[in-house]
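# Breakdown of the fold
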Amino acid sequence: MHPELAIGPSNYAGQATAWARAVSTRLPARAWSFTGVPLRGGGFDFDVDKRMGRLAFRNPLFWGTRSRHFLRGVTHLALDGFKTFSRWDRHTHLPSDARRLEESGLKMALISHGSDVRDPRAHQERDEWSYFNVGPGPWWDVLTAQTAQNRQFAEESGWPVFYSTPDLAFDLPNGKWLPVVVDVDAWACESPVLERARPRVVHVPSQRAPAIKGTQYITPVLQQLHDEGAIEFIAPDRLPHHEMRELVKSSDIVVDQLLFGSYGAAAVEAMAAGRITVGRLTPAVRDLMPEAPWMLEATPKTLRAVICSVLDQRDELRDLAQANLQFVRRWHDGTESASRLSGYLGVSQGPQRASQAG
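Here is what the cut-offs are and how they apply
As a convention, each chain's residues are numbered from 1 in the sequence order in which they are written. Side-chain atom pairs in this predicted model are given and counted only at pLDDT of 80 or more, local residue features only at pLDDT of at least 70, and totals for whole chains, interfaces and linings cover all residues. The side-chain quantities take in all heavy atoms of the structure and omit both hydrogens and water. A pocket, in this scheme, is an open set of points on a 1 Å grid over the protein atoms alone with protein on both sides within 12 Å along at least 5 of 7 lines, while a cavity is a set where a 1.4 Å probe fits but cannot get out; residues line either one if an atom lies within 4 Å of a point. Grid points are joined across faces, edges and corners, and a volume is the space filled by probe spheres set on the points. Note on conventions: DSSP H or I runs of at least 4 residues are helices, E runs of at least 2 residues are strands, and numbering of each starts at the N terminus. Under the scheme applied here, ten amino acids are nonpolar (Ala, Val, Leu, Ile, Met, Phe, Trp, Tyr, Cys and Pro), four are charged (Asp, Glu, Lys and Arg), and all others, including Gly, are polar. One speaks of a salt bridge when a side-chain nitrogen belonging to Lys or Arg is within 4 Å of a carboxyl oxygen belonging to Asp or Glu. Using a 1.4 Å probe on the protein chains alone, a residue whose accessible area is under 20% of its type maximum counts as buried, one over 50% counts as exposed, and one in between counts as partly exposed. Stacked, tilted and edge-to-face pairs are distinguished by plane angle, under 30 degrees for stacked and over 60 for edge-to-face with tilted covering the rest, among Phe, Tyr and Trp rings (Trp via its six-membered ring) whose centres lie within 6.5 Å. A ring is scored as having a charge over it whenever the NZ atom of a lysine or the CZ atom of an arginine sits within 6 Å of its centre and within 35 degrees of its normal. The rule for pairing is simple: two strands pair if DSSP sees at least two bridges between them.

The next thing to look at is empty space enclosed by the protein. Inspection of every chain in the model, using the stated rule, returns two cavities of 30 Å³ or more. Its boundaries defined by the atoms lining it, the largest cavity holds a volume of some 70 Å³. Taken together, His 123, Arg 126, Asp 127, Asp 167, Phe 170, Phe 260, Gly 261, Thr 282, Ala 284 and Val 285 make up the full set of residues lining the largest cavity. Taken together, the elements giving at least two residues each to the lining of the largest cavity come down to α4 (120-126) and α10 (283-288). Of the residues assigned to the lining of the largest cavity, the class counts are four nonpolar, three polar and three charged.

All right, on to the layout of surface pockets then. Quantified by volume, the second largest pocket comes out at close to 560 Å³. Surrounding the second largest pocket, 27 residues form its lining, Ala 18, Arg 21, Val 182, Asp 183 and Arg 245 being those nearest its centre. When residues of the lining of the second largest pocket are traced back to their parent elements, those giving at least two are α1 (15-26), α6 (184-187) and α8 (241-249). Per-element accounting of the lining of the second largest pocket gives the leading share, seven residues, to α1. Across the lining of the second largest pocket, the residue classes break down as ten nonpolar, seven polar and ten charged.

Taken as a whole, this structure holds 16 salt bridges when the rule is applied. A salt bridge links Asp 185 to Arg 329; its shortest N-O distance comes to 3.3 Å. Taken together, the residues span a long stretch of sequence, with Asp 185 in helix α6 and Arg 329 in helix α12 (residues 314-331) at a distance of 144 residues. A residue is classified by how much of its surface remains accessible, and Asp 185, at 58% relative accessible area, is exposed.

Looking now at the environment of Gly 175. With respect to the helices and strands, Gly 175 occurs in the loop between β6 (161-163) and β7 (176-177). On the basis of relative accessible area, Gly 175 is assigned to the buried category, the value being 14%. The sequence separation of Gly 175 and Leu 110 amounts to 65 residues, and the corresponding C-alpha distance is 9.3 Å.

Moving on to the packing of aromatic side chains. Summed over the entire model, instances satisfying the criterion amount to eleven aromatic pairs. For the ring pair Phe 153 and Trp 159, a centre distance of 5.4 Å and an interplane angle of 85° mean the geometry is edge-to-face. Summarising the burial analysis for this pair, Phe 153 and Trp 159 share the class buried. Between the NZ or CZ atom of Lys 50 and the centre of the ring of Trp 32, over which it lies, the distance is 4.0 Å. Note that Lys 50 overlies the ring of Phe 70, its terminal NZ or CZ placed 5.8 Å from the centroid.

Further remarks concern the sheet that holds strand β4 (residues 76-80). An order of β3-β2-β1-β4-β5-β6-β7 is seen for the seven strands of this open sheet, with the pairing classed as parallel. Of all strands in the sheet, those with a lone pairing partner are β3 (50-52) and β7, marking the two edges. Where β4 meets strand β5 (residues 107-112), five bridges bridge the pair, whose relative direction is parallel. Note on β5: the bridge partner recorded for Ala 78 is Ala 109.

And the structure:
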C-alpha cells in the first residue's frame, strides 16, 4: 500500500501544492495540499488541492471527527509554516495541536518557510543588510518569541524537519533542505531578454509591510531610473499568480530582494523564465550549498549602479541567465525535493545529491 501525504496549511508561494505534485509524479506515493478559505480576497491566489473553512475546526467538540474525515486515507502529514489547520493563527497551540494529530496515527513532519523559525538576532549578526533591521520593534519582539518556540518544538518533536531556503540550515541544524519547486516548463519563455533600448524591470514583493524584501530601497531607485529614461519600471499591485507569471516573462530584469541574503520561490521563477535576476546571496549561504545560482548581486547602496551596469554587458548577462536554467532544472523542478521527502515517506528513491545545506 502506497503512503498518502497531506501538506499544509500555509502553502506559501504555492509550495505545499508544488511539493505534493512532485511527490505524486516522482515517487510511489499519493500527495495533496490543503489550506483554508481566506478571510479576504486578493493576493497571488496559488493553486491548492483542498480548502477548508477557517472556523470548521475551532470547536473542540467536533475537532476529532472533522479531522478524521478531512484526512481520511492520509498516512503522513507535513505541517508547513509551523501551523496546524485547527488553529493556524495561534502559534502557542502548535505543539499540543500537532501532537494530537500524531496521536491519531499520522506520521508527522514539519516544514519551515523562513519567518516561522528564522532567529532575528542571529540573522542580524550574520548579515549587515538583514531585513530584521528595518521592521518595527514590536514585530521584531513577536517574531523572536514565536521563532524560538518553533525551533524548540522542531528539536523536541523527534519528527523529520525540512526547510525551503538554504539559509535556514543555520536555524534548523538538524533539518534538511527541501528546495522550492517551480513548474519549469510553465515558466519557460522564448521572449528575448535585454533587447529593448530601455530594459523592462519588475519588482513585485510578496509582502509590503514590513517591507522585508527591501522595497523601500528598491522602488525609489528604479522609479528614478525610469524617470531618467534608462529603464521601464513596472511595479503593479499584487496579482493572481498566473498574471504574475506573464508579467515576469514580459520583463528583462526581475529585482527580487536585497535584505534576505538567500533566495526563494520568486527568484527561482524569474530564473526559470530566463530573466536577469537581481538579488543577494551572502557568502555564508553560498558556502552551505553544493551549487549556488547566479544572481546580479546588489545591496541598497549598490542597486542603482548594478542596474545601470546591465546596459553595458547585455551579451554576457544573457549567457548567464541562460546558464541559470540548468541550475533550476537540477535543483528546483521537483526531482530533488521528492527525493528528499522519500525517506520520510518510507519509499524508494533515486540517487540523491549530497548537500551541506541539509
